[in-house]
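Listed here are the chains, written in short residue letters.
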Amino acid sequence: MRILKKLLVRIILLIVAAGILCGSVVAVLGYLMYRDALKEQSLEDKVAEVQADPSYTPLADLPEIYLDAVVAVEDHRFEQHCGIDIIAIARAAWNNIKSWSLREGGSTITQQLAKNLYFTQERSFIRKAAEVFMAFRLEQTYSKDEILELYVNSIYFGDGYYCVRDASAGYFGKEPADMTDDEATLLAGIPNAPSVYSLTANPDLAAQRQQYVLQQMVKYGYLGEEEAAAILQN
């Protein structure tokens, strides 16, 4: 029995050591990818490139309910974390282990911005590590408002729309500031899966996603239940 216990302890220690070694390798390779991305184009230049787009829209010109919807559905701890959400990452890691996949990433708004600015949509641990390093850099360099503003001006909404202004004009024929509460909360749900929730391709699925957005807004205190119900009825 003692021999068996010693054997189990050794196996567990080997697994832990292997995990630490693999994690260290991924972290190093991710850092190198992050460093190479910045060598190719500095963060300041990349941000200036996004801001120079004629469709770039400041936060002041966006409906508050749209911004609240984005934070509620994408990253409700956005104001509290330093670029990564440990709770979300742990939950995603557990779900990925159970499913033997990389379906969930636990990405924050800052991480998604890092990916949109520099990296591909490839699902890999190395790319994820590089994204984390870039997220830390973004948080050190820019305010939360600046990060959120860059995010909504660089995400994909389907149908060839790569920022909130183009999506609002394309889907609703109006400037973002003129969106109704219904349109704003509908638009906030699309970037999670643009090809699935595109308003032209799958309006019913987009409406289902909007319901989830509103549920999250109620859950995190951005809306009351009656307010959310009223939006759906309009």
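Preceding this paragraph is the structure being described.
This structure is a prediction, so every number in the text was calculated from the model and none was measured. Sequence positions are assigned chain by chain, starting from 1 and proceeding in written order. With pLDDT at 70 or above as the cut-off, local features in this predicted model cover only qualifying residues; side-chain atom pairs require 80 or more to be listed or tallied, and sums for whole chains, interfaces and linings still use all residues. Only hydrogens and water are removed before side-chain values are computed, so all heavy atoms of the structure are retained for them.

(A) Looking closely at the overall build of the protein. A run of H or I in DSSP becomes a helix once it reaches four residues, and a run of E becomes a strand once it reaches two; helices and strands are each numbered from the N terminus. The helix and strand inventory of the protein stands at twelve helices and zero strands. Moving toward the C terminus, one meets the helices and strands of the protein in the order α-α-α-α-α-α-α-α-α-α-α-α. Residues counted as buried form 43% of the 234 residues belonging to the protein. Pairs at least 24 residues apart make up 62% of the contacts formed inside the protein by residues separated by at least 6 positions. Every accessible area reported is derived by Shrake-Rupley at a probe size of 1.4 Å, with residue values counting cover from the shown protein chains alone. Element-wise, carbon and sulfur atoms account for 57% of the exposed surface of the protein, whose accessible area totals about 13,100 Å². Each residue's exposure class comes from its accessible area (1.4 Å probe, protein chains only) as a fraction of the maximum for that residue type: buried when under 20%, exposed when over 50%, partly exposed otherwise. Contacts were defined at the residue level, with two residues in contact if any of their heavy atoms lie within 4.5 Å.

(B) Quick peek at the nonpolar core. Only buried residues count toward a nonpolar core, which is a set of Ala, Val, Leu, Ile, Met, Phe, Trp, Tyr and Cys residues joined through side-chain atoms within 4.5 Å. One finds Tyr66, Leu148, Phe157 and Leu187 to be the most contacted residues of the largest nonpolar core, which totals 55 residues. Ranked by residue count, the leading element in this core is helix 3 (residues 64-74), at eight residues. When neighbours within four sequence positions are excluded, leucine 148 is seen to be in contact with Leu59, Leu67, Val70, Val71, Phe78 and Ile109.

(C) Structural context of the pattern of salt bridges. By definition, a salt bridge exists where a carboxyl oxygen of Asp or Glu is found within 4 Å of a side-chain nitrogen of Lys or Arg. Enumeration over the complete set of coordinates arrives at six salt bridges. With a shortest N-O distance of 3.0 Å, lysine 174 and glutamate 183 are connected by a salt bridge. By sharing partners, the salt bridges in this structure join Arg127, Lys128 and Glu131 into a single network.

(D) Here's a closer look at helix 5 (residues 109-118). In terms of burial, helix 5 is largely enclosed, as nine of its ten residues are buried. Among all positions of helix 5, only Ile109, Thr110, Gln111, Gln112, Leu113, Ala114, Lys115, Leu117 and Tyr118 are buried.

(E) Region of interest: a nonpolar patch on the surface. Residues enter patches when they are more than 30% accessible in relative terms and free of salt bridges; like-charged ones are connected within 9 Å and nonpolar ones (Val, Leu, Ile, Met, Phe, Trp, Tyr) within 5 Å. A contiguous nonpolar patch, built from Val25, Val28, Leu29, Tyr31 and Leu32 and spanning about 390 Å² of accessible area, is present on the exposed surface. Considering the arrangement of structural elements, one finds valine 25 in helix 1 (residues 2-40).

(F) Spotlight on the packing of helix 5 against helix 6 (residues 125-141). At a minimum axis distance of 8 Å, the contact between helix 5 and helix 6 shows a crossing angle of 110 degrees. One element, helix 5, and the other, helix 6, form an angle in the roughly perpendicular class. Listed contacts from helix 6 to Thr110, Gln111, Leu113, Ala114, Lys115, Leu117 and Tyr118 of helix 5 are Arg127, Lys128, Glu131, Val132, Met134, Ala135, Leu138 and Glu139. Asp, Glu, Lys and Arg are counted as charged, while Ala, Val, Leu, Ile, Met, Phe, Trp, Tyr, Cys and Pro are counted as nonpolar; the rest, among them Gly, fall into the polar class. Classifying every residue of the contact of helix 5 with helix 6 gives eight nonpolar, two polar and five charged. All axes here are fitted lines through C-alpha atoms, helices being fitted over the stretch that makes contact, and every angle between N-to-C directions spans 0 to 180 degrees. Working definition: roughly parallel below 35 degrees, roughly antiparallel above 145 degrees, roughly perpendicular at 65 to 115 degrees, and oblique for all remaining angles.

(G) Molecular detail of the packing of helix 3 against helix 9 (residues 181-189). Orientation of helix 3 relative to helix 9, taken along the N-to-C sense of each, is 30 degrees, at an axis distance of 8 Å. When the axes of helix 3 and helix 9 are compared, the pair comes out roughly parallel. Read as a crossing pair, helix 3 and helix 9 show a hand that is right-handed. Residues Ile65, Tyr66, Ala69, Val70 and Val73 of helix 3 form the contact with helix 9, whose own contacting residues are Asp181, Ala184, Thr185, Leu187 and Ala188. Whether a crossing is left-handed or right-handed is set by the direction in which the near helix is turned from the far one by less than a right angle, anticlockwise for left-handed and clockwise for right-handed.

(H) Highlighting a negative patch on the surface. Only four residue types enter the tally: Lys and Arg on the positive side, Asp and Glu on the negative side; His and the chain ends are excluded. Lysine's charge is taken at NZ, arginine's at CZ, aspartate's at CG and glutamate's at CD. Taken together, the side chains of Asp181, Glu225, Glu226 and Glu227 define an acidic patch exposed on the protein surface. For the negative patch, the element with the highest residue contribution is helix 12 (residues 225-233), accounting for three residues. Following the sequence through the fold, glutamate 227 ends up in helix 12.

(I) A look at the side chain of asparagine 153. Note that asparagine 153 resides in the loop between helix 7 (144-152) and helix 8 (164-172). The class of asparagine 153 is buried, set by a relative accessible area of 7%. Any N or O atom pair separated by 3.5 Å or less is treated as a polar contact, with the protein-specific requirement of one donor-capable and one acceptor-capable atom, and with residues adjacent in sequence counted only for side-chain atom pairs. A polar contact of 2.7 Å, which involves the side chain of asparagine 153, links it to the backbone oxygen of glutamate 149. When residues no more than four places from it in sequence are discounted, the contact partners of asparagine 153 are Val50, Ser55, Tyr56, Thr57, Tyr162, Cys163 and Val164.

(J) Representation of the environment of lysine 144 in the model. By secondary structure assignment, the location of lysine 144 is in helix 7. Along the sequence, lysine 144 and glycine 83 sit 61 residues apart, while their C-alpha atoms lie 9.7 Å from each other. In this structure lysine 144 touches Phe78, Glu79, His81 and Glu139, once residues within four positions along its chain are discounted. Polar contacts involving the side chain of lysine 144 include one to the main-chain carbonyl oxygen of phenylalanine 78, which spans 2.6 Å. At 2.9 Å, the side chain of lysine 144 forms a polar contact with the backbone oxygen of histidine 81.

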